[in-house]
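Structural overview for review
What follows is each chain in one-letter form.
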Amino acid sequence: MAYWLMKTEPDAFSLQDLQQRGQEPWDGIRNYQARNFLRSMQIGDGVFIYHSRVPVPGIVGTAEVASTAHPDPTQFDPQSKYYDPASRLDQPRWDLVDVAYRQTFAHNIALDSLRAMPEFSDSLLVRKGNRLSILPITAGQWNHVLQWAG
DNA sequence: GCCAACGTTGGC
DNA sequence: GCCAACGTTGGC
């Protein structure tokens, strides 16, 4: 059992969208480090959903990993904005996992609040210039945020 | 909307 | 293998 944080821009796909659909293939990850995290995910892993590029970025709720990693079909779709002409069918470059909605926090946990938590002092999340859209979360971080969220 | 920070690409 | 150029992310 592991924990992760996954960023999304709510203008494109929000936690509310995930709630409406119940489950969603988390496609479009085009960063090798993030992909490697995807590949180590197991069904049932906990996921914090994080909204970025909004006035108050932060964790807005939780989801869970609903499939192990498998090839992201958008990499082979010329119509997709995630199309990767360099990826080969017999050797896919990019993977995705399915993510299932779990809960929406009554109050968002803002990035500012996360920065103030000692648990997050070593996290990639609060490092300046960090652009990683998927990162590991420790059990301590997971529990602390859940407690904070009430 | 701006732009610093970062990852990737490709010429050499 | 270096590194300039480019494209993207994401806080502000």
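Residues numbered from 1 in each chain as written. Chains lettered and ligands numbered in written order. Predicted model: local features only at pLDDT ≥ 70, side-chain atom pairs only at ≥ 80, totals over all residues. Heavy atoms only, no water.

**Points about the overall build of chain A**
This is how the line gets drawn: Secondary structure elements are taken from DSSP: a helix is a run of H or I of four residues or more, a strand is a run of E of two residues or more, and numbering for both begins at the N terminus. We take the radius of gyration over the C-alpha atoms and set the globule estimate at 2.2 Å times the residue count to the 0.38 power. Burial classes: relative accessible area under 20% of the type maximum marks a residue as buried, over 50% as exposed, and values in between as partly exposed (1.4 Å probe, protein chains only). Contact definition: two residues touch when any of their heavy atoms are within 4.5 Å. In this description, accessible areas are obtained by the Shrake-Rupley approach with a 1.4 Å probe, and a residue is regarded as covered only by the protein chains that are shown.
Looking only at helices and strands, chain A has 4 helices and 8 strands in total. Mapped from its N terminus to its C terminus, chain A presents α and β elements in the order β-α-β-α-β-β-β-β-β-α-β-α. The globule rule puts the C-alpha radius of gyration for 150 residues at 15 Å, and the 15 Å found for chain A is close to it. Counting only C-alpha atoms and orienting by the principal axes, one finds that chain A spans roughly 45 × 30 × 30 Å. Here chain A, with 150 residues, has 45% of them falling under the buried criterion. Of all intrachain contacts in chain A linking residues separated by at least 6 positions in sequence, the fraction that spans at least 24 positions is 72%. Of the roughly 8200 Å² of accessible surface on chain A, a fraction of 48% belongs to carbon and sulfur atoms.

**Overview of the pairing of strand β4 (residues 58–65)**
For clarity, the threshold we go by: Criterion used throughout: strands pair if DSSP finds at least two bridges between them.
Taken across its 8 residues, β4 has 7 buried, putting it largely inside the fold. Relative to β4, strand β3 (residues 46–51) is paired through 6 bridges, and the arrangement is antiparallel. Looking at β4, one finds that G46 is bridged to E64. Two successive antiparallel strands, β3 and β4, enclose a turn made up of 6 residues, where R53 displays a positive phi of approximately 55 degrees. The pairing of β4 with strand β7 (residues 98–110) spans 7 bridges and is classified as antiparallel. Paired with T62 across the two strands is Q103, which belongs to β7.

**Things to note about helix α4 (residues 139–148)**
Stated formally: Arc definition: it is the arc formed by the directions from the helix axis to the C-beta atoms.
Where α4 is concerned, the buried positions are Q141, W142 and V145. The buried residues of α4 occupy an angular sector of 100 degrees when the element is viewed end-on, so they sit on one face. Looking at the buried positions of α4, the neighbouring elements they touch are β1 (3–8), β3, β4, β7, α3 (111–116) and β8 (134–137).

**Some points on the packing of aromatic side chains**
Our working definition: Working definition: a ring pair exists when centres of Phe, Tyr or Trp rings (six-membered ring for Trp) sit within 6.5 Å. Plane angles under 30 degrees give stacked, over 60 give edge-to-face, the rest tilted. In our convention, an over-ring charge means Lys NZ or Arg CZ found within 6 Å of a ring centre and within 35 degrees of that ring's normal.
Applying the stated criterion to the full structure yields 5 aromatic pairs. Taken together, the ring pairs connect Y3, F48 and W142 into an aromatic cluster. A cation over a ring is seen here: K7 above Y50, with NZ or CZ 6.0 Å from the ring centre.

**A look at the protein's contact with DNA strand B**
Rule in force here: If a single non-hydrogen atom of a residue is within 4 Å of a molecule or strand, that residue counts as near it. In the analysis that follows, any N or O atom pair within 3.5 Å is treated as a polar contact, provided that within protein one partner can donate a hydrogen and the other can accept it, and provided that, for residues neighboring in sequence, both atoms belong to side chains. Polar here means any residue outside two lists: the nonpolar Ala, Val, Leu, Ile, Met, Phe, Trp, Tyr, Cys and Pro, and the charged Asp, Glu, Lys and Arg; Gly therefore counts as polar.
Lining the immediate surroundings of DNA strand B are N31, Y32, R53, R93, K128, G129 and R131. Backbone atoms, meaning sugar and phosphate, make up 62% of the atoms of DNA strand B lying within 4 Å of the protein. Between DNA strand B and R53, the relevant distance is 3.4 Å, taken from a base nitrogen to a side-chain nitrogen or oxygen of the residue. A distance of 3.3 Å separates a phosphate oxygen of DNA strand B from a polar side-chain atom of K128. For the surface near DNA strand B, the residue count by class is 1 nonpolar, 2 polar and 4 charged.

**Details of the nonpolar core**
Inclusion rule: Here, nonpolar core means buried Ala, Val, Leu, Ile, Met, Phe, Trp, Tyr and Cys residues that are tied together by side-chain atoms lying within 4.5 Å of each other.
M6, I59, L114 and V145 are the most contacted members of the largest nonpolar core, which has 38 residues in total. Residues in contact with I59, not counting those within four places in the same chain, are L5, F48, I49, Y50, F105, N108, I109, L114 and V145.

**Some points on the protein's contact with DNA strand C**
Residues in contact with DNA strand C, as listed here, are K7, Y50, S52, R53, P57, L111, N130, R131, L132 and S133. The sugar-phosphate portion of DNA strand C accounts for 52% of its atoms within 4 Å of the protein, the bases making up the rest. One of the side-chain N or O atoms of K7 is found 3.1 Å from a phosphate oxygen in DNA strand C. Between Y50 and DNA strand C, the recorded distance is 2.7 Å, taken from a side-chain N or O atom to a phosphate oxygen. Looking at the surface near DNA strand C, its residues break down into 4 nonpolar, 3 polar and 3 charged.

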